[in-house]
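So the chains spell out like this:
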Amino acid sequence: MTGIQVRVIDQASPLLRKLLESTQGPGLLRVGARGASNRLREHFDHLQATRPNDLGGRRTNFWLGVKRGVQAPKIQGGTATISINHVGFRQRLQGGIIRPGRSVNPKTGRPTTRIAIPLRSEAYGKRPAERDDLDYVPIENGRALLVESAHTQIRIGSKRKDGSRKITPGEERGGLAMYLLVPSVNQKADPTVLPPTTELGAAAVAAMDSAVAAQVARGGAA
Amino acid sequence: MNLVAPIPFAEALARHDVRQVMPTHLSSRQLQEIDRGITKTSLFSARNLMQGYLEALKEKLRLLISPAQVSRPDRATAGNPDGLTTDGRNDADLRVELRQVLKEHGYAPAPEDRGTIKDFASDQRLNLVVRTNVEIAQNYGYWQQGQDPLVLDAFPAQELYRAGDPVGKVRDWPKRWRAAAAAAGDEDALRVQDESGRMIARKDSPIWQSLGDGDGLDPDEASDALHNPYPPFAFNSLMDIRDIGRDQALALGLIRADEQVQPSHEEFPVPNPAEAA
């Protein structure tokens with residue numbers, strides 16, 4: 001997650017600059033932050049619509065989650081901070097090395113020691129710990145595979161009057177590599193996950209101009 | 001653009017924290033019949049009587065609603081000497097942790113329920129519980145921050161739109177909008193829908209609460225209502241709201257130039273983070 005501050009004074013009209021320096025400044029900054037927040041949310045909607053996961057798995061709606069974490073809470077000393085409260089966003093933006101250990105392996109009770117990269121669509125969006133049918137296969141250099149163990153799926157039916165249940169055998173499965181386990185991942189930075197600063201500034205100024213126009217229309221102080 | 005430390009989503013956390021854990025033997029349909037003042041201020045899951053699980057759920061949801069920044073010595077680097085890292089969760093993390101809590105409480109579903117929505121440990125059930133509660137809190141936060149009088153001057157209206165593909169049931173939102181507009185008496189909302197196909201209304205219109213209540217729908221259709229004037233307006237719907245600016249609201253005839261849209265308030269008190277600070 002991250003906070004964002006955008007300088008808007010250079011894009012503001014003389015009237016708006018004057019108001020920003022007056023006692024109305026904090027209120028107008030809050031409006032500007034809302035405007036910039038809305039532009040951010042629009043951008044994340046766009047990413048949601050245009051960046052599905054590469055494996056084609058069931059969507060986790062990551063970008064919708066980022067959008068909902070956008071908020072404009074704080075005015076301090078003439079500056080508005082927009083906050084994006086979502087785990088994983090800053091990593092996408094700035095890239096860098098992802099190391100294990102944040103999560104706990106429920107089977108061992110200890111911090112995880114490898115990053116699990118999904119290899120198939122059905123593995124996407126799920127942690128290996130959510131399955132109990134994976135076999136560990138070491139490869140080399142600290143890497144390993146988690147492979148689906150051989151099994152037959154069954155369906156258990158509702159209880160009959162005599163107390164018994166119908167068991168229906170299903171698909172036989174096994175052998176598919178579901179995850180690649182690696183000691184760390186070096187993710188590239190992606191600045192396109194944020195819109196250009198100029199657009200955020202323009203949205204902030206447009207919002208502040210609207211608020212001023214509303215006050216002027218009502219004969220308010222401006 | 002400066003990247004700085006994030007700030008907790010205080011309004012979202014306040015909305016979440018005001019909810020009291022409520023174990024219940026009632027079904028989803030039966031819960032709909034309870035006074036919404038109770039359900040809106042309670043954290044529950046249909047037919048779930050495990051107080052300890054619900055308390056753990058409430059605590060863990062905070063980490064998704066507003067991840068915290070913590071200092072970890074093992075994460076310290078030259079560029080990050082304090083080892084600042086995010087202590088948050090994603091949906092998969094929460095599923096793993098909540099299943100562990102269920103296991104610790106000795107939970108096992110009936111065989112015929114395993115893997116279905118009735119199974120507290122199923123993906124379907126956990127995703128529904130986690131997503132609904134996180135979205136209520138965060139969307140309340142966005143909605144609440146939008147009630148500032150000057151923000152209302154700049155953004156006096158909002159639009160209901162589809163933000164993502166629905167999960168499961170596909171609903172007729174234009175129909176629900178029309179029903180809510182009629183129930184709320186918002187003729188402007190109906191007119192805008194007829195003229196443009198878009199679902200836009202003033203922020204202070206009672207249509208938003210009507211939409212949340214499923215007003216104007218038959219009882220079956222309204223059974224998924226969540227009773228909030230902000231998203232989610234129904235389970236798993238992925239419908240969202242976005243601000244509509246003053247110029248567009250004027251052009252649509254939703255406001256007059258000299259008019260001030262008034263702030264709306266939640267039906268029950270949510271502590272104001274600014275006052276609490």
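These remarks concern the structure in this document.

1. A look at the overall build of chain B
Working step 1: Within chain B, the regular secondary structure consists of 13 helices and 8 strands.
Working step 2: The principal-axis extent of the C-alpha atoms belonging to chain B is close to 55 × 55 × 35 Å.
Working step 3: Residues counted as buried form 53% of the 277 residues belonging to chain B.
Working step 4: Averaging the positions of the 32 positive and the 43 negative side-chain charges in chain B gives two centres separated by 5 Å.

2. Examining the interface of chain A and chain B
Working step 1: In this complex, chain A contributes 62 residues to the contact, which on the side of chain B involves 58 residues.
Working step 2: For the pairing of chain A and chain B, the buried interface totals around 4900 Å² over both sides, and the portion due to carbon and sulfur atoms is 51%.
Working step 3: Of all residues in chain A, Met1, Arg34 and Arg68 of chain A bury the most surface against chain B, accounting for 17% of the area lost on that side.
Working step 4: Taken together, chain A and chain B are joined by 10 salt bridges.
Working step 5: A salt bridge links arginine 127 of chain A to aspartate 93 of chain B, with the nearest nitrogen and oxygen atoms 3.2 Å apart.
Working step 6: Taken together, the connections running from chain A to chain B amount to 25 residue pairs in polar contact (both at pLDDT 80 or more).

3. Some details on the sheet that holds strand 7 (residues 199-202) of chain B
Residue and element names in this part refer to chain B.
Working step 1: With antiparallel pairing, 3 strands are arranged side by side in an open sheet as 7-6-8. The outermost strands of the open sheet, each flanked by one partner alone, are strand 7 and strand 8 (239-244). When strand polarity is set aside, the average angle formed by the axes of neighbouring strands in this sheet is 30 degrees.
Working step 2: Note that strand 6 (residues 157-162) and strand 8 share 6 bridges and pair antiparallel.

4. Description of the pattern of salt bridges
When their charged atoms lie close together, side chains carrying opposite charge are able to pair.
Working step 1: Inspection of the entire model under this criterion finds 44 salt bridges over all chains.
Working step 2: Notably, a salt bridge pairs aspartate 123 of chain B with arginine 99 of chain B, separated by 2.4 Å at the nearest N-O pair. With aspartate 123 of chain B in helix 6 (residues 123-145) and arginine 99 of chain B in helix 5 (residues 91-104), this pair connects stretches of sequence that are 24 residues apart.
Working step 3: Salt bridges here are not isolated pairs; linked through shared partners, they connect Lys126 and Glu130 of chain A together with Arg95, Arg99 and Asp123 of chain B.

5. Notes on a nonpolar patch on the surface
All names here are of chain A.
Working step 1: A grouping of Ile154, Ile156 and Ile167 is seen on the molecular surface, where their side chains present a nonpolar patch of about 260 Å² in accessible area.
Working step 2: Secondary-structure assignment places isoleucine 167 in strand 11 (residues 165-173).
Working step 3: For isoleucine 167, a relative accessible area of 48% corresponds to the partly exposed category.

6. Overview of helix 2 (residues 25-50) of chain A
Working step 1: A rise of 1.5 Å per residue sets the reference length of helix 2 of chain A, with its 26 residues, at 38 Å; its end C-alpha atoms lie 37 Å apart and thus fit the reference within 8%.
Working step 2: Most of helix 2 of chain A is tucked away, with 20 of its 26 residues classed as buried.

7. Quick word on the sheet that holds strand 7 (residues 115-118) of chain A
Residues and elements named next belong to chain A.
Working step 1: Ordered by their spatial adjacency, 4 strands build an open sheet running 7-12-9-8, and the pairing between neighbours is antiparallel. Looking at the sheet topology across the chains shown, the edges are occupied by strand 7 and strand 8 (134-138). The mean inter-strand angle of the sheet, taken between neighbouring strand axes irrespective of direction, is 30 degrees.
Working step 2: Sheet topology note: the strand 9 (residues 144-148)/strand 12 (residues 177-182) ladder contains 4 bridges and is antiparallel. Opposite alanine 144, over in strand 12, you have leucine 181 as the bridge partner.

8. Quick look at unusual backbone geometry
Working step 1: Note that the residue after proline 231 of chain B, namely proline 232 of chain B, is joined by a cis bond; omega there is -5 degrees.
Working step 2: Relative to the helices and strands, proline 232 of chain B is located in the loop between helix 11 (219-222) and strand 8.
Working step 3: For asparagine 141 of chain A, which is not glycine, the phi torsion reads 50 degrees and is therefore positive.
Working step 4: Structurally, asparagine 141 of chain A is set in the loop between strand 8 and strand 9.

9. Considerations on helix 6 of chain B
Within an α-helix, residues lying three or four positions from one another point in the same direction, as the helix has 3.6 residues per turn.
Working step 1: Counted at 1.5 Å a residue, the expected span for helix 6 of chain B with its 23 residues is 33 Å, and the 32 Å between its end C-alpha atoms agrees.
Working step 2: Counting buried positions over the 23 residues of helix 6 of chain B gives 20, a clear majority of the element.

10. Things to note about the pairing of strand 1 (residues 2-5) of chain A
Working step 1: Pairing between strand 1 of chain A and strand 3 (residues 79-84) of chain A: 3 bridges, direction antiparallel. Its bridge partner being in strand 3 of chain A, glycine 3 of chain A is matched across the sheet by serine 83 of chain A.

11. Observations regarding the side chain of arginine 34 of chain A
Working step 1: With respect to the secondary-structure elements, arginine 34 of chain A resides in helix 2.
Working step 2: The exposure class assigned to arginine 34 of chain A is buried, which follows from its relative accessible area of 4%.
Working step 3: Setting aside residues up to four positions removed in sequence, arginine 34 of chain A forms contacts with Ala72 of chain A together with Tyr142, Gln145, Gly146, Val151, Phe155, Lys203 and Asp243 of chain B.

12. A few points about the packing of aromatic side chains
All names here are of chain B.
Working step 1: Counting across every chain of the model gives 10 aromatic pairs over all chains.
Working step 2: For the pair tyrosine 140 and tryptophan 143, a centre-to-centre distance of 5.9 Å together with 40 degrees between the ring planes defines the contact as tilted. Of this pair, tyrosine 140 and tryptophan 143 are both found in helix 6, 3 residues apart, which corresponds to roughly one turn of the helix. Here the two residues tyrosine 140 and tryptophan 143 agree in accessibility, since each one is buried.
Working step 3: On the numbers, 5.3 Å between centres and 65 degrees between planes, the contact of tryptophan 177 with tryptophan 208 is edge-to-face.

13. Regarding the packing of helix 4 (residues 51-65) of chain B against helix 6 of chain B
All names here are of chain B.
Working step 1: Interaxial distance between helix 4 and helix 6 falls to 10 Å at its minimum, and their mutual angle equals 55 degrees. On the basis of the axis angle, helix 4 is oblique to helix 6. The chirality of how helix 4 crosses helix 6 is right-handed. For the pair formed by helix 4 and helix 6, the contact residues are Tyr53, Leu57, Leu61, Leu64 and Ile65 on the first element and Leu126, Val129, Val130, Arg131, Asn133, Val134, Ala137 and Gln138 on the second.
Working step 2: Here the contact of helix 4 with helix 6 is composed, by residue class, of 10 nonpolar, 2 polar and 1 charged.

Reading the values: the criteria
- Residues numbered from 1 in each chain as written.
- Chains lettered and ligands numbered in written order.
- Predicted model: local features only at pLDDT ≥ 70, side-chain atom pairs only at ≥ 80, totals over all residues.
- Heavy atoms only, no water.
- Helix = DSSP H or I, 4+ residues; strand = E, 2+ residues; numbered from the N terminus.
- Buried < 20%, exposed > 50% of the residue type's maximum accessible area, 1.4 Å probe, protein only.
- Lys, Arg positive; Asp, Glu negative; His and termini not counted.
- Charge placed at Lys NZ, Arg CZ, Asp CG, Glu CD.
- Contact = heavy atoms within 4.5 Å.
- Buried area = accessible area lost by both parts, 1.4 Å probe.
- Salt bridge = Lys/Arg side-chain N within 4 Å of Asp/Glu carboxyl O.
- Polar contact = N/O pair within 3.5 Å; in protein donor to acceptor, adjacent residues only side chain to side chain.
- Pairing = 2+ DSSP bridges.
- Axes fitted to C-alpha atoms, helices over the stretch in contact; angles between N-to-C directions.
- Patch = residues over 30% accessible without salt bridge, like charges linked within 9 Å, V, L, I, M, F, W, Y side chains within 5 Å.
- Areas by Shrake-Rupley, 256 points an atom, 1.4 Å probe, with all protein chains shown as cover.
- Expected span 1.5 Å × (residues − 1).
- Phe/Tyr/Trp six-rings, centres within 6.5 Å; stacked < 30°, edge-to-face > 60°.
- Parallel < 35°, antiparallel > 145°, perpendicular 65-115°, else oblique.
- Left-handed = near helix turned anticlockwise from the far one by under 90°.
- Nonpolar A, V, L, I, M, F, W, Y, C, P; charged D, E, K, R; others polar.

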